[in-house]
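Chain and residue survey
Each chain is listed here by its residues.
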Amino acid sequence: MPSYQLRDTATRRLLARGLADYAAAEAALDRLDDELEHDLAANGEGTGRIRLRLDIERVTGDGTAEPVGHHVLLLGVDDQMALDPSLLF
């Protein structure tokens, strides 16, 4: 039975593995987004607008990984300053 994993597209670093299905991979993406924003805030760092490109890969029984999805996480886009239209002009 296949499993799923998350990999950073740019660095090829494996971020999560052993995920049961595609929905579990998407849930892991959400958790990763929340954890990164929390860690940045705890360190007193603003997120700015950080963009992470991540691949969702399906891992078959023989260990072969194939990309089945691509997501872009945008950290900091829901910050009040980023959403305030008056700050855009």
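Every value quoted in this text rests on a predicted model; they were computed, and no experiment measured them. (Residues numbered from 1 in each chain as written. Predicted model: local features only at pLDDT ≥ 70, side-chain atom pairs only at ≥ 80, totals over all residues. Heavy atoms only, no water.)

As a further point, take the packing of aromatic side chains. Across all of its chains, the model carries one aromatic pair by this definition. Pairing Tyr4 with Tyr22 gives two aromatic rings, centres 6.4 Å apart and planes at 90 degrees, and the pair type is edge-to-face. With Tyr4 in strand E1 (residues 3-8) and Tyr22 in helix H1 (residues 22-42), this pair connects stretches of sequence that are 18 residues apart. (Phe/Tyr/Trp six-rings, centres within 6.5 Å; stacked < 30°, edge-to-face > 60°. Helix = DSSP H or I, 4+ residues; strand = E, 2+ residues; numbered from the N terminus.)

For Arg12, which is not glycine, the phi torsion reads 65 degrees and is therefore positive. Here Arg12 is to be found in the loop between E1 and strand E2 (14-19).

Taken in spatial order, the four strands line up as E2-E1-E3-E4 in an open sheet, and their pairing is antiparallel. Edge positions in the open sheet fall to E2 and strand E4 (65-75), since each of these has one partner strand only. Ignoring which end each strand starts from, the neighbouring axes of this sheet average 20 degrees apart. Bridge analysis of strand E3 (residues 50-59) against E4 gives 10 bridges, and the strand direction is antiparallel. Opposite Leu54, over in E4, you have His71 as the bridge partner. In the packing of H1 onto the sheet, the strands contacted are E1, E2, E3 and E4, and the crossing angle to E4 comes to about 35 degrees. (Pairing = 2+ DSSP bridges. Axes fitted to C-alpha atoms, helices over the stretch in contact; angles between N-to-C directions. Contact = heavy atoms within 4.5 Å.)

Once that is clear, we can look at the nonpolar core. Counting residues in hydrophobic clusters, the biggest one holds 11 residues: Tyr4, Leu6, Ala16, Leu19, Ala25, Ala28, Leu29, Leu32, Leu54, Ile56 and Leu73. Of all the secondary structure elements, the ones that give two or more residues to this core are E1, E2, H1 and E3. Apart from the residues within four sequence positions on either side, Ala25 is in contact with Tyr4, Leu6, Leu19 and Ile56. (Core = buried A, V, L, I, M, F, W, Y, C linked by side-chain atoms within 4.5 Å. Buried < 20%, exposed > 50% of the residue type's maximum accessible area, 1.4 Å probe, protein only.)

Position of Leu15 among the secondary structure elements: in strand E2. Here the alpha-carbon distance between Leu15 and Leu29, two residues 14 residues apart in the chain, equals 9.6 Å.

Turning our attention to the environment of Gln5. For Gln5, the position within the fold is in strand E1. Residue classification places Gln5 among the buried residues on the basis of a relative accessible area of 9%. Sequence separation of Gln5 and Ala25 is 20 residues, and the distance between their C-alpha atoms is 6.7 Å. Ignoring anything within four residues of it in the chain, the contact list for Gln5 reads Leu14, Ala16, Arg17, Leu19, Asp55, Ile56, Glu57, Val59 and Ala65.

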